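# Commentary on secondary and tertiary structure
Chain by chain, the residues:
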Amino acid sequence: MENQQTRQPGRKKILLGAAALIAAAALLLVVYFVARPQGGAGDKTITVQVVLLDGSDTTTTITTLEEYLRGALEQEGMIEGEESEYGLFVTTVNGVTADENAEQWWCFTKGGESLATGVDSTPIADGDAFEITLTEGY
């Protein structure tokens, strides 16, 4: 009898610890969904400047209902790429494909500042201005 009573407190600690871990994970999930970047609903107009290695550039004005940058760029047929676990890895912009052998890649900025998110999760709002620059060197 004494053996069962000494095991009971250990089992309760394990159950309480597991419940606390589940509650913490649920809380983190809720915080993520509340705090993640949200795209604006409704009609919006953005500009996208594409800059090539030789310094030439083109600016496109996009009117869209999309909430995220990827949707707006795909709507205009501006980007292509490879799907990854992190979203679309953009390899081609306006028909120009970055040469991986020359360490080329497309740099996405907003108002001259690097984006902290990929095209899939970059929200857009009316009046936003983005730049996509072909860059060489890792």
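Described below are features of the structure shown in this document. (Residues numbered from 1 in each chain as written. Predicted model: local features only at pLDDT ≥ 70, side-chain atom pairs only at ≥ 80, totals over all residues. Heavy atoms only, no water.)

## Focus on the pattern of salt bridges
If you walk through the whole model with that rule in mind, you get 4 salt bridges. Of the charged contacts in the structure, one is a salt bridge between D120 and R70, with a shortest N-O distance of 2.6 Å. Placement of D120 in the loop between β7 (113-114) and β8 (129-136) and of R70 in helix α2 (residues 69-75) is noted, with a sequence separation of 50 residues between them. Given a relative accessible area of 16%, R70 falls into the buried group. Salt bridges sharing partners connect three or more residues here, namely R70, E74, E83 and D120. (Salt bridge = Lys/Arg side-chain N within 4 Å of Asp/Glu carboxyl O. Helix = DSSP H or I, 4+ residues; strand = E, 2+ residues; numbered from the N terminus. Buried < 20%, exposed > 50% of the residue type's maximum accessible area, 1.4 Å probe, protein only.)

## Some details on the layout of surface pockets
Looking at the largest pocket, its volume works out to about 380 Å³. In this structure, the largest pocket is lined by 21 residues; those nearest its centre are F89, V90, W105, W106 and F108. Among the secondary structure elements, those contributing two or more residues to the lining of the largest pocket are β4 (87-93) and β6 (104-110). With 5 residues, β6 is the largest single contributor of residues to the lining of the largest pocket. Residue composition of the lining of the largest pocket, by class: 12 nonpolar, 6 polar and 3 charged. (1 Å grid on protein atoms, 1.4 Å probe; cavity = no way out; pocket = protein on both sides within 12 Å on 5 of 7 lines; lining within 4 Å. Points joined across faces, edges and corners; volume = space filled by probe spheres on them. Nonpolar A, V, L, I, M, F, W, Y, C, P; charged D, E, K, R; others polar.)

## Description of the sheet that holds β4
Strands in a sheet are paired, the pairing made by backbone hydrogen bonds, and the direction either parallel or antiparallel. Strand order in the open sheet formed by 3 strands is β3-β4-β5, with antiparallel pairing between adjacent strands. Because the sheet does not close on itself, it has two edges, and the strands there are β3 (79-84) and β5 (96-97). In the sheet, β4 pairs with β5 via 2 bridges, with the strands oriented antiparallel. Its bridge partner lying in β5, T92 is registered against T97. (Pairing = 2+ DSSP bridges.)

## Considerations on the nonpolar core
If you look at the biggest cluster of nonpolar residues, it comprises 20 residues, and the most contacted ones within it are V48, L73 and W106. When contributions to this core are tallied by element, the ones reaching two or more residues are β1 (44-51), α2, β4, β6 and β8. (Core = buried A, V, L, I, M, F, W, Y, C linked by side-chain atoms within 4.5 Å.)

## Some remarks on the pairing of β8
The sheet contact formed by β1 and β8 spans 5 bridges and is parallel. When the sheet's bridge partners are listed, V50 is paired in β8 with I132. Pairing of β6 with β8 involves 7 bridges; the strand directions are antiparallel. Opposite W105, over in β8, you have T135 as the bridge partner.

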